[in-house]
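Residue strings, one per chain:
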Amino acid sequence: MRPLLELRGITLSYDESTVLDAVDLTVEEGELVLVSGPTGVGKSTLLGVVTGLVPRFSGGVLRGDVLLDGVSIVDAPPRERAHAIGYVGQDPAAAFVTDTAEDELAYGMEQLGLPPETMRRRVEETLDLLGIAHLRDRDLHTLSGGEQQRVAIGSVLTMHPRLLVLDEPTSALDPTAAEDVLATLTRLVHDLGVSVLLAEHRLERVVPFADRMVLMPGGGRRVEVGDPADLLAHSPVVPPIVELGRRAGWSPLPLTVRDARRAARTLTLPAPPDVADLADEPLLLATGIGVVHGSTVALREVDVTLHAGRVTALMGRNGAGKSTLLWALQGTRKRRAGAIDLDGDDTAALDPAGRRGRVALLPQTAADLLYLETVAEECAAGGAGTREILDRLVPGIDDATHPRDLSEGQRLALALALVLAPAPRVVLLDEPTRGLDYNAKGELARILRTLAADGHAVLVATHDVEFVASVADEVVVLAEGEVVSSGPTRRVVAESPAFAPQVMKVLGAPWLRVDELEVALT
Amino acid sequence: MSALPRDLHPVAWWLWAIGLATAASLTTNPLLLLMIVGVVGVVVTTRRTDHPWARSFRFYVWLGVAAVVLRVLWRVVLGGGYPGEVVLDLPEVPLPDFVLGVTLLGPVTREALLAGLYDGLRLATLVICVGAANSLANPKRLLRSLPPALYEVGTALVVAVTVLPQLTQSIQRVRAAQALRAGDTGRVRRLRRFLVPVLEDTFDRSLALAAGMDTRGYGRAGTATATERRTTGALVLAGLCGVVVGVYALLDQTAPRLLAAPMLVVGTLVAVAGLVNAGRRVQRTRYRPDRWRPAELAVVAVGLMVGALGWWLNHHELAIAYPAVTATPEVSLTALAVGLLGLVAVVVSPPPRVQGGAR
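Residues numbered from 1 in each chain as written. Chains lettered and ligands numbered in written order. Predicted model: local features only at pLDDT ≥ 70, side-chain atom pairs only at ≥ 80, totals over all residues. Heavy atoms only, no water.

1. A short note on the interface of chain B and chain A
Accessible area lost during the coming together of the parts is what is often quoted as the interface size. What counts is decided by this rule: Contacts were defined at the residue level, with two residues in contact if any of their heavy atoms lie within 4.5 Å. Reported buried area values correspond to the accessible surface (1.4 Å probe) lost by two parts on association, with both partners' losses combined. Here, a salt bridge means any Lys or Arg side-chain nitrogen found within 4 Å of an Asp or Glu carboxyl oxygen. What qualifies as a polar contact is a pair of N or O atoms within 3.5 Å, subject to a donor-acceptor requirement within protein and to the restriction that residues adjacent in sequence count only when both atoms come from side chains. Each helix is a run of DSSP H or I of at least 4 residues and each strand a run of E of at least 2, with the numbering of both proceeding from the N terminus. Residues are grouped as follows: Ala, Val, Leu, Ile, Met, Phe, Trp, Tyr, Cys and Pro are nonpolar; Asp, Glu, Lys and Arg are charged; all remaining types, including Gly, are polar.
Between chain B and chain A, the residue contacts involve 53 residues of the former and 58 residues of the latter. Area buried by chain B at its contact with chain A is led by B:R181, B:R216 and B:Y287, which between them contribute 20% of it. Linking chain B with chain A are eight salt bridges. Close ionic contact of A:E373 with B:R192 constitutes a salt bridge, the shortest N to O distance being 3.1 Å. Counting every contact that joins chain B to chain A gives 18 residue pairs in polar contact (both at pLDDT 80 or more). Sorting the residues of the side of chain B that touches chain A by element identifies α5 (139-144), α6 (151-178) and α7 (187-215) of chain B as the ones contributing at least two each. Considering every element that reaches the side of chain B that touches chain A, the biggest residue donor is α7(B), with 17 residues. Residue composition of the side of chain B that touches chain A, grouped by class: 19 nonpolar, 14 polar and 20 charged.

Printed below as a string of structure tokens:
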């Protein structure tokens, strides 16, 4: 049988560098293919070649052939592929054309010139299929991240594409919303026979659903395509469950929590790790914080204490008030109620320069901080000591590099160095793990631990349960602007299955990380 | 039997509002203008939906109030020397010779104030009529009602309308972010510090939107060949040129008369032919298009009638349309009709659809 999509010897090169080198790939009818690999190896570029956005929107020289049902479409622009290939980008909100969910679903069909009755029927079917019928009249920009993602998927599904291409569909979502979106995708693959090609960093979320995997190892090595279990045995990026399996020498490698649990029965576990007492040196005390946004209450009576030498994780679903809390603690966001005590000062009463010296905040879009052409200029503008901090965080960044050319992790480190330059003792980070692969996340975790060891109090807002397991001493969970649980990581994540890391799901509490088991496994 | 709730065709509301605005622009009678404002207010409160743009009416009302206040203030500041009964004797500020004919302050007469008030009221009524159209009809839906050949232009406008609020968001975000780091504080360099991230963000967003639209089939080529496309382009361009020349000749009395009305008509016909030609090959369809039904036609008829009556009043009952500032303004039967006829729109239009209800 002819494959649905076939890539033959796809090579994409810019002036001096080659991003994709002779990639061959086939996607069959009704399968879910996962594209994985470290940051910056060209996963998005590969997806772009399939949709036609590369090289039209990115530049570069493309060689090779793309066949859809055996017909070459490499010269067809994205709009001429729209009826067969649906694409949802990293930020679905940026690609919305209309303002309500219903119109958004119809937009693609209008372009295809489908008869009105068909459009009407498909819109209703798709609203039901994705469980978004209650959102049909809502303004798209008021929807939560997960809802937006599902509307975006719906808006391409109405065109009845044979292949759905998704770029990091769950990276900006909280664990529950991510599960919803993945369940939807699985349903499409199983029930409708749609093929899905998706790129994702959070392998722990997607691997259980993948039929096949494309591994892009980077560093000039060849792209491999095959069964997830085979490829993950030697992949440079693996989810914790596979790392556990690798260390324990399980074969075949378990990919789901269920399989891993079964395999773990034979494992004799050592005594649980000793829980070292946490440093107890309150640095920032916030009590009864209340913030109002328009007529809605964004935060209600939130109490948070940040201790020097501790990393605290702030979790909660999209829109629970995490960012608002960070900005309120930093002092920029005006609060309606409550008190903040940072060495006797209220951060809200300080001027911007004064705040910088006391509290560092790394905003969600770290690129907003950068505006100069080279790393050296940025460091010079950041004040004395910025370069030293950057070298300590990530050594070896070239002075002449343009900040936009840095990798995600490096850019994050540069922004972090800039906010750390005035030597504040409290460090707040808003979603720093977005778009980072496991290595970069490990690096970030190391940086945060170093900061804590230096006597900083660190608060990091994140959706990433594995990252929390690897770095946080304690966790604060927000819901609807209120604290629903807080305490040591081990206790809080054990209490709610949505926040439990994979290792804990397999081995049970109190195990959080694979490295804790090191001794037991070797 | 009352009509089922639904949204009226946006063009119908706009034509209705334009009719009322026309009538308002042809009179300075304050009673008549207040009647029109009142009618607009009643129609908006009973017929607007609960969508975000529907809330903009209040803004337009305040804009109208500001217009009145400014006009009156203007008269006080610059209106010295207007004959009539002095109500406030302000000292005149001498101005240098080169601003001959302009006096600053000076005695304020009741007539000057009234003239300012009437003038301001007329402007305010126009503003409020536009505001009413805006809050009764979704401006985006209005753009969607453009003929198929203008679809591309319409989409570009819709996107522009959507992008503006996002730009403000992005500006706020970058402002807050830049306060978090040390950096240049000079005037020019601070601007750069702020502009570079905002522009980068805007470019990224635009590119993402363009990519999103392209992958969803925006701008798919129809069946047109290159020659056909060129013909259409030439027709539209030639037509528009003709229209421009015609309008110019119509306004400039010294231009040859042959260039005036005939050119305008020919130009319009050619342009329409081009648009029709383009529209015929468009393969796009429209999801749940707004349809013209009796209620729409009735609302438009009401608007047109108000406009026509206003025009008649302007020509035949000059004393009523432009009352002297020295006498109490009066209202004739026709004027009463101009003022209140707009209200019929409430009767003939269906009630608005509430959020979540079927369209």
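Having seen it, we continue.
2. Overview of helix α8 (residues 226-251) of chain B
Put simply, the rule reads: Each residue after the first adds 1.5 Å to the expected span of a helix. The cut-offs for exposure are 20% and 50% of the maximum accessible area for each residue type, with area from a 1.4 Å probe on protein chains only; residues under the lower value are buried, those over the upper are exposed, and the others partly exposed.
Its 26 residues place the ends of α8(B) 38 Å apart at the C-alpha level, agreeing with the 38 Å of an ideal helix rising 1.5 Å per residue. Here α8(B) has its buried residues at B:T232, B:G239, B:G242, B:G246 and B:A249.

3. Considerations on the pattern of salt bridges
All chains considered together, the criterion is met by 42 salt bridges over all chains. Where A:E6 meets A:R8, a salt bridge forms, and the shortest distance between an N and an O atom there is 3.2 Å. Since its relative accessible area comes to 43%, A:R8 is described here as partly exposed. Connected via shared salt-bridge partners are A:E102, A:R120, A:E124, A:R136 and B:R288.

4. Section: the domain arrangement of chain B
Definition in use: Source of the domain bounds: an automatic or database domain assignment.
Parsing chain B into structural domains produces domain 1 (10-138 + 289-348), domain 2 (148-215) and domain 3 (226-281). The straight-line distance from the C-alpha centre of domain 1 of chain B to that of domain 3 of chain B is 35 Å.

5. Re the pairing of strand β15 (residues 359-362) of chain A
All names here are of chain A. Where we set the bar: Whether two strands pair comes down to DSSP finding at least two bridges between them.
Of the two faces of β15, both are covered, the one formed by V359 and L361 as well as the one formed by A360 and L362. By the bridge criterion, four bridges tie β15 to strand β16 (residues 426-430) in an arrangement that is parallel. Across the sheet, V359 pairs through a bridge with V426, a residue of β16.

6. What to know about the packing of aromatic side chains
Residues and elements named next belong to chain B. The condition that has to hold: What counts as a ring pair is set by centres within 6.5 Å for rings of Phe, Tyr and Trp (its six-membered ring), and what kind of pair is set by the plane angle: stacked under 30 degrees, edge-to-face over 60, tilted for all other angles.
One pass over the full model with this rule turns up two aromatic pairs over all chains. Note on W13 and W16: the rings are 5.5 Å apart at their centroids and 80° apart in plane angle, and the pair reads as edge-to-face. On the criterion of helical spacing, the pair formed by W13 and W16 is a turn pair, its members being three residues apart in helix α1 (residues 10-25). Accessibility expressed as a relative area gives 3% for W13, which makes it buried.

7. So, the sheet that holds strand β19 (residues 482-488) of chain A
Residue and element names in this part refer to chain A. The condition is simple: Working convention: axes come from line fits to C-alpha atoms, limited for helices to the stretch in contact. Angles between N-to-C directions cover 0 to 180 degrees.
The sheet built from six strands is open, its strands ordered β15-β16-β17-β13-β18-β19 with mixed pairing. Of all strands in the sheet, those with a lone pairing partner are β15 and β19, marking the two edges. Across the sheet, the mean angle from the axis of one strand to that of its neighbour is 15°, orientation sign disregarded. Pairing of strand β18 (residues 474-479) with β19, which is carried by six bridges, proceeds in the antiparallel orientation. Looking at β19, one finds that E474 is bridged to P488. Seen against the sheet, helix α12 (residues 322-330) touches β13 (311-315), β15, β16, β17 (457-461) and β18 and runs at an angle of roughly 155° to β16.

8. Quick word on the domain arrangement of chain A
All names here are of chain A. Its domain assignment divides chain A into domain 1 (5-237) and domain 2 (282-506). Domain 1 and domain 2 are separated by 31 Å when their C-alpha centres are compared. Counting residues at the interface gives 17 residues for domain 1, matched by 19 residues for domain 2. Taking both partners together, domain 1 and domain 2 bury about 1,500 Å²; carbon and sulfur atoms supply 50% of that area. Across the contact surface, domain 1 and domain 2 share one salt bridge.

9. Brief notes about the nonpolar core
Residues and elements named next belong to chain A. As a reminder, the rule being used: The nonpolar core is taken to be a set of buried Ala, Val, Leu, Ile, Met, Phe, Trp, Tyr and Cys residues, with the residues joined through side-chain atoms within 4.5 Å.
In this structure, L416, L428 and L448 are the most contacted members of the largest nonpolar core, which totals 82 residues. A total of nine residues in this core trace back to one element, the largest contributor, which is helix α16 (residues 408-420). Leaving out residues up to four positions away in the same chain, L448 has contacts with V311, L429, V458, V460, F467 and V471. Residues L32, V88, L231 and A264 belong to the second largest nonpolar core, which totals 68 residues.

10. Here's the deal with the confidence of the model for chain B
Selection rule: A residue's pLDDT is the predictor's confidence in that residue, given on a scale from 0 to 100.
Scored by pLDDT, chain B comes out at a mean of 83, with 94% of its residues at no less than 70. Mean pLDDT values for the elements of chain B range from 75 in α5(B) up to 93 in helix α2 (residues 30-47) of chain B.

11. A word on the environment of A:S13
Residues and elements named next belong to chain A. Within the element layout of this structure, S13 appears in strand β1 (residues 5-13). Remark: the alpha-carbon pair of S13 and R63, spanning 50 residues in sequence, is separated by 8.7 Å. The residues touching S13, leaving out its near neighbours within four places in the chain, are T18, V19, G60, V61 and R63.

12. Structural notes on a nonpolar patch on the surface
All names here are of chain B. For the record, the criterion: A patch consists of residues whose relative accessible area exceeds 30% and which take part in no salt bridge; residues with like charges are grouped when within 9 Å of each other, and nonpolar side chains (Val, Leu, Ile, Met, Phe, Trp, Tyr) when within 5 Å. Surface accessibility in these figures is a Shrake-Rupley result with a 1.4 Å probe; residues are shielded only by whichever protein chains are displayed.
Nonpolar side chains collect at one region of the surface, where L31, V331, L333, L336 and L340 lie side by side and expose about 430 Å² of accessible area between them. Considering every element that reaches the nonpolar patch, the biggest residue donor is helix α12 (residues 333-340), with three residues. Along the chain, the position of L31 falls in helix α2.

13. Some thoughts on the side chain of A:E168
Residues and elements named next belong to chain A. For clarity, the cut-off: In summary, the charge assignment counts Lys and Arg as positive and Asp and Glu as negative, without counting His or the chain termini.
With respect to the element layout, E168 can be found in the loop between β7 (163-167) and α7 (175-192). Despite its burial, E168 remains without a salt bridge, the nearest opposite charge being carried by K43 at 5.3 Å. Once you skip the residues sitting within four places of it in the chain, E168 turns out to touch Q90, A199, E200, H201 and G435.

14. Observations concerning the sheet that holds strand β9 (residues 212-215) of chain A
Residue and element names in this part refer to chain A. Strand order in the open sheet formed by six strands is β6-β7-β8-β3-β9-β10, and the pairing between neighbours is mixed. Looking at strand neighbours, the two that pair on one side only are β6 (85-88) and β10 (224-226), the edges of this open sheet. Across this sheet, the average inter-strand angle for adjacent strands is 15°, counted without regard to direction. Note: β7 against strand β8 (residues 195-199), five bridges, orientation parallel. When the sheet's bridge partners are listed, V165 is paired in β8 with L197. Packing of helix α6 (residues 145-157) onto the sheet brings it into contact with β6 and β7, and relative to β6 it is tilted by some 165°.

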